[in-house]
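Below, each chain spelled out in residue letters.
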Amino acid sequence: MAKTQPKKKMSAKNIAAGFLMALLALSLLGFGVEGFGSRSQNVATVGDRDINADAYARALQNELRALQSQVGQAVTMEQARMFGVDQMVLEQLVTSAVLDNEAERLGVSVGDTTVQREILQIGSFQGLDGNIDREAYRFALQNAGMNEAEFETSVREDVARSILQMSVISGAAAPERIVTHLLEYQAQTRDVTVQSLSADTLPDPVELPDTAELQAFYEANLDNYTQPEGKSIRYAWITPEMVIDTIEVDEAILRDAYEARRAQFSQPERRLVERLVFSDMDAAEEALARLTSDAVTFDELVRERGLELEDADMGDVTRAQLGAAGDVVFDLEEPGIAGPAETSLGPAIFRMNAILSAQEVSFEDARDQLRDEQLADLARRTLSDDYDLYEDLLAGGATVEQLAQETEMQSGQIDWRPGVTDGIAAYESFRDAAEQLQEGEFPEIQFMQDGGMFALEYLDTLPATPRPLEEIKAQVIADWQNEQTLQGLRSVAEQLAASLRDNTDAPELTVAPVRFDGLRRNDTLPDLPRDLVGAAFEMDEGEVRIVEGDSRVHVLQLHSVQRPDLMLEDVADMRAGLEMQIEQSIAQDLFGYFSGSLRQSTPIQIDQQMIDAVQANF
C-alpha cells in the first residue's frame, strides 16, 4: 500500500520565513544587470517610496531570464509584453513598496545583527568555514549594480516585510471541523477484491469480420470516424530558418564570439576534488594518518566535523584554482587522497575523485557551431526588427495575401481541424490561434515558439466529414474486434458477479482474484486502471460491481469499510499535512486581502515614459 510521507506542521513563523527567503533570493537574482543610469530615475512613486529605474530593470531582467529558461529560446521585449511580464514585474515592485510604507508607518524595523544573520544564510556568500566570503560578496553585488549599503538596506526591508506578514498571518489556523471531515474522507480505507478479465479469458479468439459486418459496424459508429468541423485558413508566416540563407555573419563576429567563450573551448586539465580544512597542520596530519591506516574513511571524517559531503565538494578545479595545493593534488596519477597542504583557509586534506583531461577546440573546429548559433540569433533579431513593418501593413488594411506579397513572409492555405499537426500546424501557437480564429476577424501578427511570426485569415467553414472506410479499414477492424471481445467479457463478468452476489459457484476462469486490504483514495493498484479505486469508494459494503476498461473488464467486490485509525503514524502525518495546507491557504488569502487593502489606501504614481525608456534598453 502507498504510504503517506511524514509532513511537518507549518506555523505562521515558518510561512513568513519561507516568504523572507523568497524575497532574499529575488534580491540576488539580478547579478549581471548593469545600472540604468548614473542618476536616480523613478518608474513609480508609492506613498513615500520610490521605485527607481535600476530596480525595475533588474527585476525585469530576472523575469525575462526565467521566461527564456521556460521556452528554451531568446525572448524579445515585445514578446515579454504579450506575456504580461512587464506588468507583473511592476505589480510586484509596487506591492513591495506598499508593504515597506506600512512597515515604516508601524515602526517595524530590524537591527544590524539580524541583517548580518540573514546575509550569512545566503549560501553563495559563504566560505567553507561557514563565514561570509567578503570577496564573493563584493563581486556579486558589483555585478548586480549595487553596493553593500544598498543591498543591506534591501535585506533590512525584506526582513521588515516578513515581520509584517507574520503579524498578519499569525492567526491563521485550520478549523478543526474542516480538518476532521477532510481526514475522514482522505484516510478512510476499503478492503476489496478485483478479478480482471481480458481476451485470454475467452474460450475462443475473436475472428476477423466479414465485409457486411465491417460495413455495418462502420455505419453504426460513424461518429467515431468523422473528422470534426474545421476551418479553411489562409496564412502568411516567416521563421528564422527561412531568412538564415539571406544573412551573412562577419568573420570578426565569429572570432569575437570564440574569444568570449574561450574558457569553454580551451580548458586545462581539471580534477574533481573534495577538500576538508583543519584548524592546524597537526590536526590535518593526524586525520591523514587515520585515513592511510584505514581507521576512518574520508566520508566519516567529513561527518565527524558536522559537515555534509557537499560542504567539502569543490567540483572540477584547475591546478591554478587550488593555489599552493595545486601541485599536491595534480601529482596524483589516479583518484586518491592528497595532503595535507596549506590553503587560504588553513591546512587541508584533499580527495581527488576523477581526472578530466585538457580540452582544446580550435576556432576552425568551433566555427560551424559558432556560425549556426550566430545565424539563429541574427535571424530572430531580423524578424523582431520587421515586426513593426508587418503590423503597419495589416493596420493599413493589407490582407494576409498582400502581406506575403509585400514582405519576405510566405503565404499558404490549410484545411485545419482539431488534431491536424502538419506543416505550420506543427506549431502549438498556430494551433491555438487557429482554434480561436473567428470569421470576420482582422489578421494580426502572432509569434511562434522559435521566434517566427504568422498572421491568419478565415476563409470558410469546413463541415464535419466522415473518413472513407477504405482509408481507415485497419482501424475499424481493430475496433470491431475489440468490441466483440468486450461483449464476450461482459457476459463472463455478469456470470461471475452473479455468483459472488448469490455466493454460488463461480465460472471456471484462468484468472485468480486479487485482494487489496487498507485501500485509500489516493492509492494506485498495480497494472489496474485508476477508475477501480474511485469505484471502490462509491460502493456499499458487500456490493459487487463490473467496471469496463478499454480492453478489459473488471469485477470488483467490496468486503469492508474502515474509518481512519487516528493512532496510526501515517494518519497522524496526513492530518498534519492537511492542517499545513489549510493554514497556508488561509494565510495566503489573509495576506492577499491585507496587501490589497493597503494598495487601495496608498497613493501610487506610475511614470510610463520612464518605464518605456527602461524597456527600450532590452
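Quick look at the structure, then. (Residues numbered from 1 in each chain as written. Predicted model: local features only at pLDDT ≥ 70, side-chain atom pairs only at ≥ 80, totals over all residues. Heavy atoms only, no water.)

1. Topic: the overall build of the protein chain
Part 1: Of regular secondary structure, the protein chain possesses 23 helices and 19 strands.
Part 2: What you see for the protein chain is a C-alpha radius of gyration of 34 Å, clearly larger than the 25 Å of a compact globule of 618 residues, by over 25%.
Part 3: Along the longest, intermediate and shortest principal axes, the C-alpha atoms of the protein chain span 85 × 75 × 65 Å.
Part 4: Out of the 618 residues belonging to the protein chain, those deemed buried represent 38%. (Helix = DSSP H or I, 4+ residues; strand = E, 2+ residues; numbered from the N terminus. Rg over C-alpha atoms; globule rule 2.2 N^0.38 Å. Buried < 20%, exposed > 50% of the residue type's maximum accessible area, 1.4 Å probe, protein only.)

2. Details of the sheet that holds strand β2 (residues 49-52)
Part 1: Strand order in the open sheet formed by three strands is β2-β1-β19, with antiparallel pairing between adjacent strands. At either end of the open sheet lies a strand with only one pairing partner, and these are β2 and β19 (604-606). Neighbour-to-neighbour, the strand axes of this sheet turn through a mean angle of 15 degrees, independent of strand direction.
Part 2: Direction of pairing for strand β1 (residues 42-46) relative to β19: antiparallel, over a ladder of three bridges. Each residue of the ladder has a partner; that of Thr45, found in β19, is Gln605.
Part 3: Docked against the sheet, helix α2 (residues 53-71) engages β1 and β2, running at close to 55 degrees with respect to β2. (Pairing = 2+ DSSP bridges. Axes fitted to C-alpha atoms, helices over the stretch in contact; angles between N-to-C directions. Contact = heavy atoms within 4.5 Å.)

3. Some thoughts on the nonpolar core
Part 1: Judged by nonpolar contacts, the single largest core of 32 residues is most densely connected at Val43, Ile51, Tyr56 and Leu60.
Part 2: Of all the elements in the fold, those that place two or more residues in this core are β1, α2, α3 (77-82), α4 (85-106), α7 (148-169), α22 (569-601) and α23 (608-615).
Part 3: With eight residues, the top contributor of residues to this core is α4.
Part 4: Discounting residues that sit within four places of it in the chain, Val43 has contacts with Ile51, Asn52, Ala53, Tyr56, Gln605, Ile606, Asp607, Met610, Ile611 and Val614.
Part 5: Judged by nonpolar contacts, the second largest core, of 28 residues, contains Ala236, Ile247, Tyr258 and Leu370. (Core = buried A, V, L, I, M, F, W, Y, C linked by side-chain atoms within 4.5 Å.)

4. Some thoughts on the side chain of Ser560
Part 1: With respect to the element layout, Ser560 can be found in strand β18 (residues 553-562).
Part 2: A residue is classified by how much of its surface remains accessible, and Ser560, at 16% relative accessible area, is buried.
Part 3: Polar contacts involving the side chain of Ser560 include one to the side chain of Asp191, which spans 2.9 Å.
Part 4: Looking at Ser560, its side chain comes within polar contact range of the side chain of Gln562, at 2.6 Å.
Part 5: With sequence-adjacent residues up to four places away left out, Ser560 is seen in contact with Thr189, Arg190, Asp191 and Glu541. (Polar contact = N/O pair within 3.5 Å; in protein donor to acceptor, adjacent residues only side chain to side chain.)

5. What to know about unusual backbone geometry
Part 1: The omega angle of the peptide bond from Gly339 to Pro340 is 0 degrees, so this bond is cis rather than trans.
Part 2: In this fold, Pro340 is placed in strand β9 (residues 336-341).
Part 3: The phi torsion at Asp294 lies on the positive side, around 60 degrees, for a residue other than glycine.
Part 4: In this fold, Asp294 is placed in the loop between α13 (281-292) and α14 (298-304).
Part 5: Using a relative accessible area of 68% as the deciding quantity, one classes Asp294 as exposed.
Part 6: Positive phi, normally seen in glycine, also occurs at Asp527, with a value near 60 degrees.

6. Digging into helix α8 (residues 176-187)
Part 1: With 12 residues, α8 should reach 16 Å at 1.5 Å per residue; the first-to-last C-alpha distance of 16 Å fits that figure.
Part 2: Of all the positions in α8, only Val179, Leu183 and Ala187 are classed as buried. For α8, the buried positions fall inside an angular range of 30 degrees around the axis, keeping them on one side. Residues of α8 that are exposed and point more than 90 degrees away from the buried face comprise Arg177 and His181.
Part 3: Contact partners of the buried residues in α8: β3 (189-197) and α22. (Expected span 1.5 Å × (residues − 1). Arc of directions from axis to C-beta.)

7. Regarding the packing of α8 against α22
Part 1: In the contact formed by α8 and α22, the axes pass within 10 Å of each other and the chain directions differ by 130 degrees. Relative to α22, the element α8 is oriented oblique. For α8 against α22, the interelement crossing comes out right-handed. Contacts between α8 and α22 pair Glu176, Ile178, Val179, Thr180, Leu182, Leu183, Gln186 and Ala187 from the former with Val571, Met574, Arg575, Leu578, Glu579 and Ile582 from the latter.
Part 2: Along the lines of polarity and charge, the residues of the contact of α8 with α22 split into nine nonpolar, two polar and three charged. (Parallel < 35°, antiparallel > 145°, perpendicular 65-115°, else oblique. Left-handed = near helix turned anticlockwise from the far one by under 90°. Nonpolar A, V, L, I, M, F, W, Y, C, P; charged D, E, K, R; others polar.)

8. Some points on the sheet that holds strand β7 (residues 270-277)
Part 1: Taken in spatial order, the four strands make up an open sheet running β8-β7-β10-β9, and their pairing is antiparallel. The sheet is open, and its two borders are formed by β8 (313-318) and β9, each paired with just one other strand. Neighbour to neighbour, the strand axes of the sheet diverge by 35 degrees on average, direction disregarded.
Part 2: As judged from the four bridges shared by β9 and strand β10 (residues 348-356), these two strands associate in the antiparallel manner. Its bridge partner being in β10, Gly336 is matched across the sheet by Met352.

9. What to know about the environment of Asn221
Part 1: Checked against the element boundaries, Asn221 lands in the loop between α9 (211-220) and β4 (226-227).
Part 2: A C-alpha to C-alpha distance of 9.4 Å links Asn221 and Val476, two positions 255 residues apart in sequence.

10. Examining the pairing of β7
Part 1: Burial within β7 is extensive, with seven of its eight residues counted as buried.
Part 2: As defined by bridge partners, β7 adjoins β8 across five bridges and the pair is classed as antiparallel. What sits directly across from Arg271, in β8, is Val317.
Part 3: By the bridge criterion, eight bridges tie β7 to β10 in an arrangement that is antiparallel. Each residue of the ladder has a partner; that of Leu272, found in β10, is Ala354.

11. Points about the environment of Met88
Part 1: The topology assignment puts Met88 in helix α4.
Part 2: By relative accessible area, which is 35% here, Met88 ends up partly exposed.
Part 3: For the pair Met88 and Val71, spaced 17 residues apart in sequence, the C-alpha separation works out to 18 Å.

12. A look at the environment of Glu207
Part 1: Here Glu207 lies in the loop between β3 and α9.
Part 2: The class of Glu207 is exposed, set by a relative accessible area of 56%.
Part 3: Through-space distance from the C-alpha of Glu207 to that of Asp256 is 70 Å; in sequence the pair is 49 residues apart.
Part 4: Setting aside chain neighbours within four positions, we find Glu207 in contact with Trp480 and Gln481.

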